Amino acid sequence: MAGRFSGRVAFVTGGSRGIGRGIVELFAEEGARVALIDLNEEALNETTSELREKGYEVFSKVANVVDSEQVENAVKEAYGTFGSIDILVNNAGVIRDNLLFKMTDSDWQTVMDVHLKGSFNVARAAQKYMVEQKYGRIINISSTSALGNRGQANYAAAKAGLQGFTKTLAIELGRYGITANSVAPGFIETEMTKETAARIGITFDQLVQASVASIPVGRSGKPADIANAVAFFADERSSFVNGQVIYVAGGPKC
Ligand SMILES: NC(=O)c1ccc[n+]([C@@H]2O[C@H](COP(=O)([O-])OP(=O)(O)OC[C@H]3O[C@@H](n4cnc5c(N)ncnc54)[C@H](O)[C@@H]3O)[C@@H](O)[C@H]2O)c1
């Protein structure tokens, strides 16, 4: 299929729903072959079948980004299936929100593990192939919460950490034709934000309305808004854009 990503292979973690799925769909629509890993087997199978029905070439595997062996195997298999790994999007994520005094060790550790160790595991596994190819695009999904957000000491620290991680990959890997950049979404309508509404005891509509009230463009974000920014960094022509963070939030500080 012709398109901006024709001939490219995009590996997306947490690709079975929400923002990850939006990213996978954009890459597939624009010609890439896509590899998805996710913990959620049911959602992964459903998404894989739907994409294949549309005629896209898809590799998918249940894998936990926190487990380096599962990650190594999944990346190796995807490479074996498609013959390259050109684009990596570290998107898999979880929230365990709580005010600091109520935050448990497990709330803290889970969030650090999935976002930071997960992104480290997958980037380390993928760079081997990217360095050999002398080509790669790594995009890490951060968040506006990196700037601080009540109830998210763990998540804010992890998402800010991902930005430092991104900049370091940019410095280390640039010489191999690999760029690393980060997209930091604001409020996006997904299962994750639905969980937030449930946790604070309001309906999703109420949460959307409250969020929209402080978003300059007057609407909430959709997965496609994030996919669009990811695609900019993933584009072959973006080879001089390296180590950057773009906030995609409908305004400068949402
Ligand atoms: N929704 C938002 O408003 C928002 C805002 C800023 C940043 N983000 C970030 O965007 C990314 C996607 O979020 P979303 O809203 O689509 O969430 P989501 O919960 O809808 O999807 C996350 C996906 O990641 C998968 N996942 C979770 N832990 C995993 C693990 N250990 N290994 C493999 N897969 C795992 C889940 O199964 C799920 O399919 C996350 O990194 C999130 O922190 C979301």
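Small disclaimer: the values here were computed from a predicted structure and weren't measured.

## Notes on the pairing of strand S2 (residues 33-38)
Thinking step 1. Most of S2 sits inside the fold, with five of its six residues counted as buried.
Thinking step 2. Bridge count between strand S1 (residues 9-13) and S2: five bridges; the pairing is parallel. Paired with Ala10 across the strands is Val34, a residue of S2.
Thinking step 3. Where the polypeptide runs from S1 across helix H1 (residues 18-29) and back to S2, its parallel neighbour, the crossover connection is right-handed.
Thinking step 4. Note that S2 and strand S3 (residues 58-62) share five bridges and pair parallel. Looking at the pairing, Ile37 lines up with Lys61 of S3.
Thinking step 5. The parallel pair S2 and S3, bridged by helix H2 (residues 41-53), forms a crossover whose chirality is right-handed.

## Quick look at the pattern of salt bridges
Thinking step 1. Counted under the stated rule, the structure contains 14 salt bridges.
Thinking step 2. Ionic pairing is found between Arg219 and Asp225, a salt bridge with its closest N-O pair at 2.9 Å.
Thinking step 3. Notably, a salt bridge pairs Arg237 with Asp235, separated by 2.8 Å at the nearest N-O pair.
Thinking step 4. Using a relative accessible area of 7% as the deciding quantity, one classes Asp235 as buried.
Thinking step 5. Taken together, the shared-partner salt bridges in this structure form one network comprising Arg4, Glu30, Asp235 and Arg237.

Rules and cut-offs
One numbering rule holds for all chains: residues counted from 1, following each sequence as written. Only residues with pLDDT of 70 or above have their local features reported here, since the model is predicted, and side-chain atom pairs are shown and tallied only from 80 upward, although totals for entire chains, interfaces and linings are computed over all residues. Water and hydrogen atoms were dropped before computing side-chain values, which therefore reflect all heavy atoms in the structure. Relative accessible area decides the class of each residue, using a 1.4 Å probe on protein chains only: under 20% of the type maximum gives buried, over 50% gives exposed, and in between gives partly exposed. Secondary structure elements are taken from DSSP: a helix is a run of H or I of four residues or more, a strand is a run of E of two residues or more, and numbering for both begins at the N terminus. Strand pairing follows a simple DSSP-based rule, namely that at least 2 bridges must link the two strands. Classification remark: right-handed applies to a crossover when, strands pointing away from the viewer, the course from the first strand over the helix to the second runs clockwise. Salt bridges are identified by distance alone: a Lys or Arg side-chain nitrogen within 4 Å of an Asp or Glu carboxyl oxygen.

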